[in-house]
Amino acid sequence: MAQLVVMYKTPKDAAAFDKYYVEKHIPLAKKIPGLKKYEVTQGPVATPAGPSDYHLVALLHFDNLAAIQGAFGSAEGKAAVADVQTFATGGVDILMFDTRQV
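Residues numbered from 1 in each chain as written. Predicted model: local features only at pLDDT ≥ 70, side-chain atom pairs only at ≥ 80, totals over all residues. Heavy atoms only, no water.

Draft legend 1. How the structure looks around the overall build of the protein. When you go through the protein residue by residue, the secondary structure sums to three helices and six strands. For the protein, the α and β elements follow one another from N to C terminus as β-α-β-β-β-β-α-α-β. Over its C-alpha trace the protein gives a radius of gyration of 14 Å, about what one expects of a compact globule, namely 13 Å for 102 residues. Overall, the protein is about 35 × 35 × 20 Å in size when its C-alpha atoms are taken along their principal axes. Evaluated residue by residue, the protein yields a buried proportion of 32% over its 102 residues. Considering only contacts within the protein whose residues lie at least 6 apart along the sequence, 75% involve residues at least 24 apart. Summed over all atoms, the accessible surface of the protein reaches about 6300 Å², with 57% contributed by carbon and sulfur. When the 10 basic and 10 acidic side-chain charges of the protein are each reduced to a single mean position, those positions are 4 Å apart. (Helix = DSSP H or I, 4+ residues; strand = E, 2+ residues; numbered from the N terminus. Rg over C-alpha atoms; globule rule 2.2 N^0.38 Å. Buried < 20%, exposed > 50% of the residue type's maximum accessible area, 1.4 Å probe, protein only. Contact = heavy atoms within 4.5 Å. Areas by Shrake-Rupley, 256 points an atom, 1.4 Å probe, with all protein chains shown as cover. Lys, Arg positive; Asp, Glu negative; His and termini not counted. Charge placed at Lys NZ, Arg CZ, Asp CG, Glu CD.)

Draft legend 2. Main features of the sheet that holds strand β6 (residues 92-98). One open sheet holds the four strands; their spatial order is β2-β5-β1-β6, and the pairing between them is antiparallel. The outermost strands of the open sheet, each flanked by one partner alone, are β2 (37-40) and β6. Each strand axis lies, on average, 15° off the axis of its neighbour in the sheet, ignoring direction. Of the strand pairs in this sheet, strand β1 (residues 2-9) and strand β5 (residues 54-62) are connected by eight bridges, and their pairing is antiparallel. Looking at the pairing, Val6 lines up with Ala58 of β5. On top of the sheet, helix α1 (residues 14-29) reaches β1, β2 and β5; it is set at about 10° to β5, its chief contact. (Pairing = 2+ DSSP bridges. Axes fitted to C-alpha atoms, helices over the stretch in contact; angles between N-to-C directions.)

Draft legend 3. Structural context of the environment of Lys12. Within the fold, Lys12 resides in the loop between β1 and α1. Residue classification places Lys12 among the exposed positions, given a relative accessible area of 76%. Distance in space between the C-alpha atoms of Lys12 and Gly90 is 6.3 Å, their sequence separation being 78 residues.

Draft legend 4. Layout of the nonpolar core. The biggest cluster of nonpolar side chains holds 21 residues, and the ones touching the most others in it are Tyr8, Tyr21, Tyr38, Ala58, Leu60 and Phe62. Taken together, the elements giving at least two residues each to this core come down to β1, α1, β5, α2 (65-73) and α3 (75-87). With residues up to four places along the chain from it excluded, the contact list for Ala58 reads Leu4, Val5, Val6, Tyr8, Tyr21, Tyr38, Glu39 and Val40. (Core = buried A, V, L, I, M, F, W, Y, C linked by side-chain atoms within 4.5 Å.)

Draft legend 5. Looking closely at the packing of α1 against α3. Closest axis-to-axis distance for the α1/α3 pair is 10 Å, and the angle between their directions is 175°. With respect to α3, the element α1 is oriented roughly antiparallel. Between α1, through Phe17, Tyr20, Tyr21, His25, Leu28 and Ala29, and α3, the contact on the second element is made entirely by Ala79, Ala80, Asp83, Val84, Thr86 and Phe87. (Parallel < 35°, antiparallel > 145°, perpendicular 65-115°, else oblique.)

Okay, structure coming up:
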C-alpha cells in the first residue's frame, strides 16, 4: 500500500475550515480514482512535546505510488488539489510514500 499524507496547518478561521472541509472537500476528494481508504484526524493534532502547528491530517490510501501519481493526474485529482487553495489558509504539507508491514 501507499499513502498520501496531507497535513493542514492551523487556518485563520478553524470553524470555516472544518465546515468547508467536511461539506465540500471530502466529497470532492472521495472521487479521486484509485482511492482505497480516506481517514482524517479527530481532535487536536499534537506532538509528544505538546500542541503542534497542524489543525488536521488526512491519510489517503492507494495501492502504490504509481496509483497516487495517476490519481492526481486525473481530472478529479487535479480538482481536489486546486480546491485545497480555497480553504487551507494556514498552509499545507503533503507527503507520499509506499508502506510495508514489519
